[in-house]
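Examining the three-dimensional arrangement
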Amino acid sequence: EITSNKGYYVPASYSSVTGEAVANYALRFLGLPYKRASQGTSLKAGTDCSGFTMLIYREFGVSLSRTPGGQMRNGRGVSRKELQKGDLVIYGRGSSASHVALYIGNGKVIHESTPGQGVKITGIDNMGMRILSYRRVINAKAIAKVEGEKIKETSKVEASTQTTTTTVAANKIV
């Protein structure tokens, strides 16, 4: 059984996705190796910055674009004052997005850094690039409205989505 709200698929037992849960889950991957997008994208073998945020959110049933520029158009913009755990922080030089990180609170982000460093925690202002945008890609209140609602699968849900939701439920992230 899954709970669904406008395309967000989450386990029935975990229907109120929060930015804090997303941030806590991301912390489990500290040290994950950096790999260029052309080398593949995996939370086991390694990924690049936008692959990391995309895969973290995929575990919660949220689809993100594959590139920093694409992720800068996902969700809705928020101000720095509104920043919450789980929000995306998009960086770049000039107006072109070239890096993305996940806000974990207390002025820190977690991100896939560079070859040799991998996933690490950095101060939000210590990237050496300009912050272009802050993005909120989940709406915990909207998802929580359907809590407890059990839906029978009426349309095909990709096997990968079912596997992903089972994995998140098994991890019991809080």
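Here the residue numbering is sequential within each chain, running from 1 through the sequence in written order. Residue-level local features of this predicted model are given only where pLDDT is at least 70; pairs of side-chain atoms are given and counted only at 80 or more, and the full residue set underlies all totals for whole chains, interfaces and linings. To obtain the side-chain values, all non-hydrogen atoms of the structure were included, while hydrogens and water were left out.

1. Quick notes on the packing of aromatic side chains
- Pairing of aromatic side chains here covers Phe, Tyr and the six-membered ring of Trp, requires ring centres within 6.5 Å, and sorts the geometry by plane angle: under 30 degrees stacked, over 60 edge-to-face, intermediate tilted. For the structure shown, the criterion picks out 2 aromatic pairs.
- On the basis of an interplanar angle of 75 degrees and a centroid distance of 5.2 Å, the ring pair of Tyr25 and Phe29 is categorised as edge-to-face.
- Residue burial is assigned from relative accessible area. The probe radius is 1.4 Å, only protein chains are included, and a residue is buried under 20% of its type maximum, exposed over 50%, and partly exposed in between. Given the relative accessible area of 4%, Tyr25 is considered buried.
- Taking the centre distance of 5.7 Å and the plane angle of 80 degrees together, the rings of Tyr25 and Phe60 count as edge-to-face. Pair noted here: Tyr25 is in helix α1 (residues 19-27) and Phe60 is in the loop between α2 (49-58) and α3 (68-71), with a separation of 35 residues, a long-range link.
- Taken together, the ring pairs connect Tyr25, Phe29 and Phe60 into an aromatic cluster. What counts as a helix is a DSSP run of H or I of at least four residues, what counts as a strand is a run of E of at least two, and both are numbered from the N terminus.

2. Some thoughts on the nonpolar core
- In plain words, nonpolar cores are sets of buried Ala, Val, Leu, Ile, Met, Phe, Trp, Tyr and Cys residues tied together by side-chain atoms within 4.5 Å. Core analysis: the biggest nonpolar cluster contains 28 residues, and Val22, Leu43, Phe52, Ile56, Tyr57, Leu88 and Leu102 have the highest contact counts within it.
- Every element with two or more residues in this core is listed here: α1, α2, β4 (88-93) and β5 (96-105).
- Ranked by the residues each element gives to this core, the list is headed by α2, at 6 residues.
- Residues are treated as being in contact if the distance between any of their heavy atoms lies within 4.5 Å. Residue contacts for Val22: discarding those within four places in its chain leaves Val17, Ile56, Tyr57, Phe60, Leu102 and Ile138.
- By size, the runner-up hydrophobic cluster in this structure holds 12 residues, among which are Tyr103, Met127, Ile131 and Tyr134.

3. So, α2
- Among the 10 residues in α2, 9 count as buried, and that is most of the element.
- What α2 keeps buried is the set Cys49, Ser50, Gly51, Phe52, Thr53, Met54, Leu55, Ile56 and Tyr57.
- Looking at the packing, one finds that the buried side of α2 touches α1, α3, β4, β5, β6 (108-112) and β7 (119-123).

4. Concerning the sheet that holds β7
- Reading across the sheet, the 6 strands line up as β3-β8-β4-β5-β6-β7 and stay open at both edges, with antiparallel pairing between neighbours. Only two strands of the sheet have a single partner each, and these edge strands are β3 (76-77) and β7.
- At least two bridges found by DSSP between two strands is the condition for calling them paired. Here β4 pairs with strand β8 (residues 130-136) via 5 bridges, running antiparallel. Note that in β8 the partner of Val89 across the bridge is Tyr134.

5. What about the side chain of His111?
- Within the secondary structure, His111 sits in strand β6.
- On the basis of relative accessible area, His111 is assigned to the buried category, the value being 3%.
- Side-chain polar atoms of His111 contact the side chain of His99, separated by 3.0 Å.
- The residues touching His111, leaving out its near neighbours within four places in the chain, are Phe52, His99, Val100, Ala101, Gly118, Val119, Lys120, Thr122 and Met127. N or O atoms closer than or at 3.5 Å make up a polar contact, with two conditions inside protein: a donor-capable atom paired with an acceptor-capable one, and, for residues adjacent in sequence, both atoms drawn from side chains.

6. Things to note about the environment of Arg93
- By the element assignment, Arg93 lies in strand β4.
- Residue classification places Arg93 among the exposed residues on the basis of a relative accessible area of 57%.
- C-alpha separation for the pair Arg93 and Met129, spaced 36 residues apart in sequence, amounts to 5.9 Å.
- The contact partners of Arg93, leaving out residues within four places of it in the chain, are Ser98, Gly128 and Met129.

7. Section: a nonpolar patch on the surface
- Candidate patch residues must exceed 30% relative accessible area and have no salt bridge, after which like charges are joined if within 9 Å and Val, Leu, Ile, Met, Phe, Trp or Tyr side chains if within 5 Å. Areas reported here follow the Shrake-Rupley algorithm with a probe of radius 1.4 Å; residue values treat only the protein chains shown as occluding. By convention in these notes, a salt bridge is any Lys or Arg side-chain nitrogen within 4 Å of a carboxyl oxygen on Asp or Glu. A contiguous nonpolar surface patch, about 230 Å² in accessible area, is contributed by Leu27, Leu30 and Ile121.
- Structurally, Leu27 is set in helix α1.

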